[in-house]
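Below are the chains, spelled out letter by letter.
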Amino acid sequence: AVVSTQSGHYGRGVAIGESEPDFTFTTRGNTFDTSKYTYVSGPTVTSDGNTFTAEYVTTTKQATVLLGGQTVYCEASFGAGKGSDTSSLLVTTYYNCADVAITVLGQDPGVTITYVDDSDGGRVATVTCPDDTDDIRYSISTSTNAASSATCTKDTGSYSPSFLATCLQQQPFTTGYVEQVWPIASLSFTICADDSPSSFSESALQSMMVSDEDTCGPSSKIPCLVSGDCTIETDTSLTGCSYDASTQKLYVFATVNFAETVWTLAERNALKDLDSGARIQFWSCENSYSKRRRRAVVDTELMLEKISAGVTGLETVNETVYKYTIETTVDNNLSGESEETVWSTLTILSIFAFAVMTILAAFAPRIIKRRKLSHTELPTKETGSEDESDRC
């Protein structure tokens, strides 16, 4: 008989005869396969009367379970003229899961891997994240090839899935960022640039962005500013405006500092995101942020209101860096008119009004004189100046 274990082979051959036979163990031909086994000792023979038992010991280099096992032969030869006897047994060797390593997929932030062996030679590995702190929280990040636990079986000698999931480090959100992009190519001047009018200069818009008025700036638009759960960041690199001359686009942006840290994107977005369609207004403000002539900007403010009304394409992008952009576009077909048409119409109306006033001023004396003549009484008979031709 041949007995197999996970760690090696113990071959036992038993023969009965008048004298001790010679025992030979082979796997193919006259040899024992040294590519899969390592010789340890034997055969060692013990006897009990006419029963002789030989033990042959090897260790396993390579499991044979995937090959369907391997046949081991035992021959007992009693010498010339006395004959021999041979028997065989299919031996299957298995993998030792204790020798199989497994790691996490990705960077290891200090996880703990524990193992539990089952009764059938298998092993289960489980990953545990480090404990949370005030500044960092950990969460399992699973995928197709990585899970919170993996199982190794003696038949395969490998874990499924191939890796343990690693733990992601999550830091709290302490700030929120909002940005709006305005295409202002239709305007005849820039905004938030060196050559901008004073009412739309960089300093004017930056003052407006950190104000607490209801009409302009973000104070009435960003939810946490309205509720008092955050404050506006006054650093001009984080709250303010910029102008891109190459694209003729104005960028209006604001950063808020949360009163309490939050840990999820949903919590952060609920605090900072503007309502759908909301705009950070920077014209027709309650307060004056520069020395400006009101009459010079009335038409401009009307146009900005029209641009704002025609803005489309709100979208959220690049959440992984905790920032979103509102890309605004102008609907050039609002009410069938373009922005240029509005300006042209206003100019034509102004010229026409001036011409009408000039004409009225020139002809007013004649009109007044005629109205006086139309109220003069005609001569009567008593005057003696009426003839037949005057009667009609």
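**Q** Quick one: what's the story with the packing of aromatic side chains, residue by residue and with numbers?
**A** According to the stated counting rule, one finds 9 aromatic pairs in the structure shown. Considering the side-chain rings of F32 and Y56, the 5.3 Å spacing of their centres and the 45° angle between planes classify their relative orientation as tilted. Taken as a pair, F32 in the loop between β3 (22-26) and β4 (37-48) and Y56 in strand β5 (residues 51-60) lie far apart in primary sequence, 24 residues in all. For Y56, a relative accessible area of 13% puts it in the buried group. Between F189 and F200, the aromatic rings sit 5.7 Å apart at their centres with planes inclined by 25°, giving stacked as the arrangement. Remark: F200 occurs in the loop between β16 (173-183) and α1 (202-209) and F189 occurs in the loop between β16 and α1; sequence separation between them is 11 residues. We note that F189, like F200, is buried.

**Q** Now, about the state of the cysteines: what can you tell me, with residues and values included?
**A** On inspection of all chains with the given rule, the structure shows 5 disulfides. What pairs with C97 in a disulfide is C152, and their sulfur atoms sit 2.2 Å apart. Disulfide C97-C152: torsion about the S-S bond near -80°, hence left-handed. You can see C97 sitting in the loop between β7 (84-91) and β8 (104-105) and its partner C152 sitting in strand β13 (residues 149-152), a full 55 residues away along the chain. There is no split in this pair, since C97 and C152 are both buried. Between the sulfur atoms of C129 and its disulfide mate C167 the distance is 1.9 Å. Around the S-S axis, the bridge from C129 to C167 shows a dihedral of about -95° and counts as left-handed. On the criterion of sequence distance, the pair formed by C129 in the loop between β10 (123-128) and β11 (137-141) and C167 in strand β15 (residues 163-170) is long-range, its members being 38 residues apart. Here C129 matches C167 in class, with each residue buried.

Each value, and the rule that gives it
For every chain, the first residue of the written sequence is number 1, and numbering continues from 1 onward in sequence order. Restriction of local features to residues with pLDDT of at least 70 applies here, the model being predicted, together with a cutoff of 80 or more for giving and counting side-chain atom pairs; totals for whole chains, interfaces and linings are based on all residues. With hydrogens and water stripped out, all remaining heavy atoms of the structure feed into the side-chain values. Here a pair means two rings of Phe, Tyr or Trp (six-membered ring of Trp) with centres within 6.5 Å. Their orientation is stacked below 30 degrees between planes, edge-to-face above 60, and tilted elsewhere. Secondary structure elements are taken from DSSP: a helix is a run of H or I of four residues or more, a strand is a run of E of two residues or more, and numbering for both begins at the N terminus. Whether a residue is buried, partly exposed or exposed follows from its accessible area with a 1.4 Å probe, protein chains only, as a fraction of its type maximum: under 20%, in between, or over 50%, in that order. A pair of cysteine sulfur atoms is labelled a disulfide when the two atoms are within 2.5 Å.

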